[in-house]
Amino acid sequence: MIEVRPFAGLGGANHGWLNAKHHFSFANYYDPKRMSWGALRVWNDDEIAAGTGFPPHPHSDMEIITYVREGAITHEDSLGNKGRTEAGDVQVMSAGTGIRHAEYNAEPVTTTLFQIWIEPTRRGEKPGWGQRPFPKGERAGQFVVLASGFEADADALPIRAEARVVAATLKAGESADYALGAARRGYLVPAVGDIEVNGVRANARDGVAIAETDTVTVTALSDTEIVLVDAA
């Protein structure tokens, strides 16, 4: 089963400093048919104006992954962590028993990012934060695991969920396979470029919900950058 959710039809809100599109129900956007996709609860497509950002606010028991597409985001939290995550890189915050954090665009240009929330399988643990550069060259022509709750993915940022966040960059005409498994669910978004997913076309920033599919084959119709969440 493959369902394309066009970017133009996503919910969202433009706050001036933040232009957000929501793949799933979030904040004032509510669609009972789009509450989650397995353990994937939130996928927001955010554009954050230069010199603005999210002031300190709390979270608990959620795995929050930020994939920066353009620009950079600067993180600060109540644990004393501080870091700057650039385009193509990833940060993970395990909210655990509770954490306050702020996310600011300290850059002179608009920052664009995907903010992804995954329901944890382990709750009530100590909160944590981490970031890692993932050069695009490492995922050229293939999927690379960026964040994972599986021990086998030792090079990925850890999350407390039976899930993976993977990404790939493809040149026009190239294809890449991902072994999803028919019992799991995938949600895929091309950050840029147009693609086909098992023969079904999707355009830049469209969402692609995948289920009951053993292997996901993505073919680039133009140069593309893809992010995929694999969750139960």
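Note: the structure precedes this text.
Just so you know, these numbers come straight off a predicted model, no measurement behind them. (Residues numbered from 1 in each chain as written. Predicted model: local features only at pLDDT ≥ 70, side-chain atom pairs only at ≥ 80, totals over all residues. Heavy atoms only, no water.)

**Q** Got a minute to help me understand the packing of aromatic side chains in this structure?
**A** When we look at a pair of aromatic rings, we describe it by the centre distance and by the angle of the planes. What the rule picks out here adds up to seven aromatic pairs. Judged by centre distance (5.0 Å) and plane angle (50°), the rings of Phe 24 and Tyr 187 are tilted. Of this pair, Phe 24 sits in the loop between strand 3 (18-22) and strand 4 (40-48) while Tyr 187 sits in strand 17 (residues 185-192), and the two are 163 residues apart along the sequence. As far as the burial class goes, Phe 24 and Tyr 187 line up, both buried. (Phe/Tyr/Trp six-rings, centres within 6.5 Å; stacked < 30°, edge-to-face > 60°. Helix = DSSP H or I, 4+ residues; strand = E, 2+ residues; numbered from the N terminus. Buried < 20%, exposed > 50% of the residue type's maximum accessible area, 1.4 Å probe, protein only.)

**Q** What should I look at first to understand the sheet that holds strand 8 (residues 82-86) in this one?
**A** Two strands in a sheet stick together by hydrogen bonds in their backbones, pointing the same way (parallel) or opposite ways (antiparallel). Taken in spatial order, the four strands of this open sheet run 5-10-7-8, and their pairing is antiparallel. Only two strands of the sheet have a single neighbouring strand rather than two, namely strand 5 (53-59) and strand 8. The sheet shows a mean angle of 20° between the axes of neighbouring strands, direction not considered. Across five bridges, strand 5 lies against strand 10 (residues 99-104) in antiparallel orientation. Residue pairing for strand 10: His 57 is matched across the bridge by His 101. (Pairing = 2+ DSSP bridges. Axes fitted to C-alpha atoms, helices over the stretch in contact; angles between N-to-C directions.)

**Q** Before we go on, may I ask you to explain the side chain of Asp 206 in this structure?
**A** Among the structural elements, Asp 206 can be located in the loop between strand 19 (200-202) and strand 20 (207-211). Buried Asp 206, no salt bridge; nearest opposite-charge side chain is Arg 201, N-O distance 7.3 Å. A distance of 2.8 Å separates a polar atom in the side chain of Asp 206 from the backbone nitrogen of Asn 203. Residue contacts for Asp 206: discarding those within four places in its chain leaves Val 4, Arg 5, Pro 6, Phe 7, His 23, Leu 188, Val 189 and Pro 190. (Lys, Arg positive; Asp, Glu negative; His and termini not counted. Salt bridge = Lys/Arg side-chain N within 4 Å of Asp/Glu carboxyl O. Polar contact = N/O pair within 3.5 Å; in protein donor to acceptor, adjacent residues only side chain to side chain. Contact = heavy atoms within 4.5 Å.)

**Q** Sorry, what's going on with the pattern of salt bridges here?
**A** Side chains that differ in sign of charge can pair as their charged atoms come close. Per the counting criterion, the structure on display carries 16 salt bridges. The partner of Arg 205 in a salt bridge is Asp 45, and the shortest N-O contact between them spans 3.0 Å. Separated by 160 residues along the polypeptide, Arg 205 in the loop between strand 19 and strand 20 and Asp 45 in strand 4 bring together distant segments of the chain. Under the relative-accessibility criterion, Arg 205 is labelled buried at 18%.

**Q** Is there a simple way to explain the environment of Asn 198 in this structure?
**A** Along the chain, the position of Asn 198 falls in the loop between strand 18 (195-197) and strand 19. Judged by its relative accessible area of 35%, Asn 198 falls in the partly exposed class. In this structure, the C-alpha to C-alpha distance between Asn 198 and Gly 71, residues 127 residues apart in sequence, is 31 Å. For Asn 198, the residues in contact, after removing those within four places along its chain, are Ile 2, Thr 213, Thr 215, Val 216 and Thr 217.

**Q** What is the right way to read the pairing of strand 22 (residues 224-231) from this model?
**A** Of all eight residues in strand 22, eight are buried; the element is thus mostly enclosed. Here strand 22 shows two buried faces, one formed by Thr 224, Ile 226, Leu 228 and Asp 230 and the other by Glu 225, Val 227, Val 229 and Ala 231.

**Q** What exactly am I supposed to notice about unusual backbone geometry here?
**A** Trans is the prevailing form of peptide bonds, just as negative phi is the prevailing case for residues other than glycine. Non-glycine residue Asn 198 carries a positive phi angle of around 50°. Despite not being glycine, Glu 212 has its phi angle at roughly 55°, a positive value. Of note, Glu 212 is situated in the loop between strand 20 and strand 21 (215-220). What makes Glu 212 exposed here is its relative accessible area of 66%.

**Q** Can you help me understand the side chain of Asp 77 in this one?
**A** Within the secondary structure, Asp 77 sits in strand 7 (residues 72-77). Leaving out residues up to four positions away in the same chain, Asp 77 has contacts with Ile 99, Arg 100, His 101 and Trp 129.

**Q** Help me understand the pairing of strand 11 (residues 111-118), please; the structure alone is not making it clear to me.
**A** Consecutive side chains of a regular strand alternate in pointing toward one face of the sheet and then the other. The element strand 11 is largely enclosed, with a buried count of eight among its eight residues. Alternating positions in strand 11 separate into two faces, Thr 111, Leu 113, Gln 115 and Trp 117 on one and Thr 112, Phe 114, Ile 116 and Ile 118 on the other, with burial throughout. Strand direction decides the pairing type here: strand 4 and strand 11, joined by eight bridges, are antiparallel. Among the inter-strand pairings, Leu 40 is bridged to a residue of strand 11, identified as Ile 118. Summarising the sheet, strand 6 (residues 63-70) and strand 11 pair through seven bridges and their orientation is antiparallel. Looking at strand 11, one finds that Thr 66 is bridged to Gln 115.

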